[in-house]
Amino acid sequence: MSNCGNGCSCNDSAIDNVFLPREAEILRAEQVTASEKHFTLKMKDGKGMDFQPGQIAEVGVFGYGEIPLGFASSPTRTHSFDLVVRTVGRVSTAINKLEKGQSLWVRGPLGSGFNLEEMRGHDVLIVAGGIGLCPTRSLIQYILDRRSEFGKFTLFFGARTPKDQLFTDDLVQWRKTKDVVEYHETVDKGDDSWKGNVGVITTLFAKTKISPDTRVVVCGPPVMYKFVIRELAKLGVPENHVYLDLERRMKCGIGKCGHCQINDKYVCVDGPVFTYSDIKHLEEAFA
Amino acid sequence: MPAHFIHETDFREFLKSLIASKPVIGPVVEPKSTGDKFIFDDVTSAEQLRLDYDVSLVPPKAVFFPPVQKLLEFGPNGVKSCINPREQVLLGVHFYDVKAFDQLDKLFNDKFPDNNYLANRRATTVIASSVQTVSKHAFWGSFGKDVKAKGHDGFLTKVQGGYVYETFSQKGEALLKHGKFGNASTDQVSAAKRENDAAMDKCQEKVTFTPAEISTKTRASFSNNEMWKELSKDCFSCGSCNIVCPTCYCFDVQDKWGLDQVSGERYRTWDACLTEDFAKVSLGGAGGHENFREAGAQRFRHRAMRKLTYLNEKLGGPACIGCGRCTSACVPNIANPVKIINRIMKG
Amino acid sequence: MSPKTKAKVAFFDFTSCEGCQIELTNLGEKAFMGLLDHIEIVEFREAMSEKAQGRIDISFIEGSFSREADRKRLEDIRSRSNVVIAFGACAATGGVTALKNHMSDYSEAVYGKDAKMPHLDSSFALPVSAAIKVDYSVLGCPMSQAEFVEIVSSLLHGKEPVIPNHPVCVECKKKSTLCRYGQGDHCLGMVARAGCGAPCPADGIPCEACRGFVDHPNQEALVKVLREKGGLSEERAFNKSRIFTANLRSDAVKGAGARKE
């Protein structure tokens, strides 16, 4: 890292630069839907990536920029980590053109993740909409890897259409192992091959029994949150047991640049995981 | 704090020696481009320095946090940090701008220390100076006046016959060797105090409520949509109020290739939460997006919240230091915090 | 397009002064030569006599679409080009040529007895996008050199160019440029799309919004401010922003917007 090859005048001093990313090698890159690509990465400096489920990383390609992404694998699987990138803007488009053997540049882990200590010993429900399954997959894997430490584990996943479903290998597995994870899925719009539930994600609450002592994690498109929260209130789940994983424009990832602010909170450092009781008074939290 | 005195007649020699020793930045006028308005810029001669200035167009935060700042350089062989501070003296900062430094110091240090700012801050000796001319829209005499400036290394006060120079750090004391400073007399020290106290009463604009009252009422006014619409009706979302604000520190980060199209740089640039795209995110699908503050009124409100209530607890006072720059910069005359505060308090 | 193979680039002009192509030749030698390592110019009548044959990677079109007879030529350029870029204000928005859209008495005044000649016959001046799909625009009158470089550089890397949606005021304030309104003058900077670096106010000249409006300009407040602070008459305040944004204003002629795909 001592020479950028530009013959420039900048000095490579010992002063820490919070914007300096680390290089990660792409071990695996797989196009999983028309717009989403699944990467498995390993840090090149050998120092690993010591994160908690729910935390984020700023992931970039030089010349294009950086975007915030939640880790999509569990830290219990230590040799590498996963990210899933949906092609939406200039950075994600550039990332999704990369293949095995190429590099991404990563800063992190950043932000605060799910409170695992609070969840341990209790029932857990994860409600994931669309690409919201990616950051929660980190927690799903974590729970599956330490299954005995948790109570009943239920997972709701909603996608726009069957073709938009992510981690289809995982889904096949989860559908089969009801005693390990009680998995329910829905799509907004079915197709000829779809035999499952059609409707918004809240229709899945009728499919199972959720105890009021459940710890609930919600992650999905901005519009989803208030409807899920309403269902949870009906079930009597306390507000401080509801964890919301929020998305905003986290540009710097270190609580400075201001773009991700919800009222006085910086999503990138105060979140992206918040308990509902912590942010219910924030008018800007729910669009 | 030790107080020193330098005669008016020796002051020019002091400046000359100081300028010869290291770069000095201070309030100056560029007759060609800034007319009779002041900017902080490199001072190349003692005559150029204008300690009688009222307020600068852009706040002196630009010395540590420039409008465009390179963060990294990248190229075929990797990436390189670009933190490269210059040892320098920033002379003639008014106390209200020092209060803004105190806030930025805290915020850039918070959780993840940002040395792109902090290294410049550490490499700079900050010498404050007394306000000799009060700018038209200033209201620092009343608003947040209990919060004292802390982050300066020395303070120059113009008194009869010369300057009282108080030092607050070794960096401040290190300047003494450049001039014929003697010990300030008790009379001179009290004259300096009188001078600085008197300035506090000279602002034409005044806020009559306490920061605590304003904070509570502002936060409670969040859902008063009619009021925010009324206040922002003529707003252009132009961001001028943000760009000239000494306590605004939001920025955008972008990458740019050089002409060789292989190497390039990652840089940050001042951003403004009043502008339309500030809180917009891409969602994918058919080019969809979500703008978390889509209406101009929401963005106008966000600025008021940031300056008057959100950060108060963290900063120990309001994030507005009363310089009045936003009032001057706002073309439709709606950014004046005094007017906004009065409207909020009216309910 | 990979940076390794040179992109074929061509320039075409329609209703315009060709000033944007001239402005391109003013691009500093360093920038121009730097880009020429990555692009090959196959048609550019301001600087060469060759005509492009076959496929073109990037076509820059200068000038507005003001004659139905031009549609075919535009469609031909579109069909031969991978990327079409509106080059300068006239092509991007109709620019200054769209001033005619709100006038009817200029022909005789300008052309005298020749006013009725068939080659002078034209309809509304519209952006090129009213006739064909346009991928990007280099804004400005003349076009912004920096934006030209940004767009070409971005295309070489398959990146969406960064075009600001904040007004010129941001750029003036960052540079400590004196506000025209503080100098007893007027300005359109509050509604004008930035990206030019605000050179005009820095030279003491009001911004005329040659790069068009930001996405959502506050047009009512603009008229109010031009009148009350800029000292313009009611009528002039109302018409003021037409010089470069006639097709972007809320009272633009029908069809002035982009063609729907």
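Computed from a predicted model, the values in this text were never measured in an experiment. (Residues numbered from 1 in each chain as written. Chains lettered and ligands numbered in written order. Predicted model: local features only at pLDDT ≥ 70, side-chain atom pairs only at ≥ 80, totals over all residues. Heavy atoms only, no water.)

Student: Please clarify how the pattern of salt bridges should be interpreted in this entry.
Tutor: Scanning the entire structure with this criterion turns up 55 salt bridges over all chains. Glu-149 of chain A serves as the salt-bridge partner of Arg-120 of chain A, at 2.3 Å between the closest nitrogen and oxygen. You can see Arg-120 of chain A sitting in the loop between helix H2 (116–119) and strand S7 (124–129) and its partner Glu-149 of chain A sitting in the loop between helix H3 (133–145) and strand S8 (153–159), a full 29 residues away along the chain. Accessibility expressed as a relative area gives 23% for Arg-120 of chain A, which makes it partly exposed. Assessed through its relative accessible area of 29%, Glu-149 of chain A is described here as partly exposed. A salt bridge links Glu-68 of chain C to Arg-71 of chain C; the shortest N-O distance between them is 2.6 Å. Since its relative accessible area comes to 26%, Arg-71 of chain C is described here as partly exposed. Each of Glu-66 and Arg-107 of chain A together with Asp-255 and Arg-266 of chain B takes part in salt bridges that share partners, so that together they form one network. (Salt bridge = Lys/Arg side-chain N within 4 Å of Asp/Glu carboxyl O. Helix = DSSP H or I, 4+ residues; strand = E, 2+ residues; numbered from the N terminus. Buried < 20%, exposed > 50% of the residue type's maximum accessible area, 1.4 Å probe, protein only.)

Student: Would you explain unusual backbone geometry in this entry?
Tutor: Note: most peptide bonds trans; most residues except glycine with negative phi. The omega torsion of the bond from Gly-271 of chain A to Pro-272 of chain A falls at 10°, within 30 degrees of zero and hence cis. Residue Pro-142 of chain C is bonded to the preceding Cys-141 of chain C through a cis peptide linkage, with omega at -5°. Inspection of the secondary structure puts Pro-142 of chain C in the loop between strand S5 (136–138) and helix H6 (145–156). In this structure, Ser-237 of chain B is a non-glycine residue whose phi angle is positive, near 55°. Looking at the secondary structure, you find Ser-237 of chain B in the loop between helix H8 (225–232) and helix H9 (240–243). Ser-237 of chain B sits in the buried class, given a relative accessible area of 13%. Although it is not a glycine, Gln-261 of chain B sits at a positive phi angle of roughly 65°. Considering the arrangement of structural elements, one finds Gln-261 of chain B in the loop between strand S11 (251–257) and strand S12 (264–270).

Student: Any chance you could explain the packing of aromatic side chains here in plain terms?
Tutor: Geometrically, a pair of aromatic rings is defined through the distance of the ring centres and the angle of the planes. All names here are of chain A. Here the structure, examined in full by the defined rule, presents 34 aromatic pairs over all chains. For the ring pair Phe-156 and Phe-205, a centre distance of 5.1 Å and an interplane angle of 90° mean the geometry is edge-to-face. Of this pair, Phe-156 sits in strand S8 while Phe-205 sits in the loop between strand S10 (197–198) and strand S11 (215–219), and the two are 49 residues apart along the sequence. Comparing Phe-156 with Phe-205 shows no difference in burial state: the two are buried. (Phe/Tyr/Trp six-rings, centres within 6.5 Å; stacked < 30°, edge-to-face > 60°.)

Student: Looking at this model, I keep getting lost on the sheet that holds strand S6 (residues 88–93) of chain B. Mind explaining?
Tutor: By definition, the strands of a sheet pair up through backbone hydrogen bonds, in either a parallel or an antiparallel sense. Residue and element names in this part refer to chain B. Taken in spatial order, the 8 strands line up as S3-S2-S6-S7-S8-S9-S1-S10 in an open sheet, and their pairing is mixed. In this open sheet, the two edge strands, each paired with only one partner strand, are strand S3 (38–42) and strand S10 (182–183). Bridging between strand S1 (residues 3–7) and S10 involves 2 bridges; their strand directions are antiparallel. In the sheet register, His-4 faces S10, and the bridge partner there is Asn-183. Helix H3 (residues 95–109) rests against S6, strand S7 (124–129) and strand S8 (154–159) of the sheet, and its axis sits at about 130° to S6. (Pairing = 2+ DSSP bridges. Contact = heavy atoms within 4.5 Å. Axes fitted to C-alpha atoms, helices over the stretch in contact; angles between N-to-C directions.)

Student: Any chance you could explain helix H10 (residues 296–310) of chain B here in plain terms?
Tutor: An α-helical turn contains 3.6 residues, so any two residues separated by three or four positions project in the same direction. The axis of H10 of chain B is deflected most strongly, by about 25°, at Ala-304 of chain B. H10 of chain B sits mainly inside the fold: 13 of its 15 residues count as buried. (Bend = angle between axes of the 7 residues up to and from the residue.)

Student: Explain the pairing of S7 of chain A to me, please; I cannot follow it from the model alone.
Tutor: Within a regular strand, side chains alternate between the sheet's two faces. Residue and element names in this part refer to chain A. In terms of burial, S7 is largely enclosed, as 6 of its 6 residues are buried. Residues of S7 alternate between two faces, with Val-124, Ile-126 and Ala-128 on one and Leu-125, Val-127 and Gly-129 on the opposite face, all of them buried. By the bridge criterion, 6 bridges tie S7 to S8 in an arrangement that is parallel. Looking at S8, one finds that Val-124 is bridged to Phe-153. Note on the crossover from S7 through H3 to S8: the handedness is right-handed. In terms of strand pairing, S7 meets S11 through 5 bridges, oriented parallel. Its bridge partner lying in S11, Ile-126 is registered against Val-217. (Right-handed = clockwise from strand over helix to strand, strands pointing away.)

Student: It is not clear to me how the interface of chain C and chain B should be interpreted in this structure. Could you clarify?
Tutor: The extent of an interface is frequently quoted as the accessible surface area lost upon association of the parts. Listed per partner, the contact involves 32 residues of chain C and 33 residues of chain B. Taken together, both faces of the contact between chain C and chain B bury some 2,800 Å²; the carbon and sulfur share is 60%. Interface area lost by chain C to chain B is led by Lys-173, Lys-174 and Leu-178 of chain C, which between them contribute 23%. Counting across the chain C and chain B interface gives 1 salt bridge. Lys-224 of chain C is the salt-bridge partner of Asp-234 of chain B, the closest N and O atoms lying 2.5 Å from each other. Applying the counting rule to chain C against chain B returns 15 residue pairs in polar contact (both at pLDDT 80 or more). Of all the elements in the fold, those that place two or more residues in the side of chain C that touches chain B are helix H2 (29–36), H6, helix H7 (168–174) and helix H9 (219–228) of chain C. Of the residues in the side of chain C that touches chain B, the class split is 16 nonpolar, 9 polar and 7 charged. (Buried area = accessible area lost by both parts, 1.4 Å probe. Polar contact = N/O pair within 3.5 Å; in protein donor to acceptor, adjacent residues only side chain to side chain. Nonpolar A, V, L, I, M, F, W, Y, C, P; charged D, E, K, R; others polar.)

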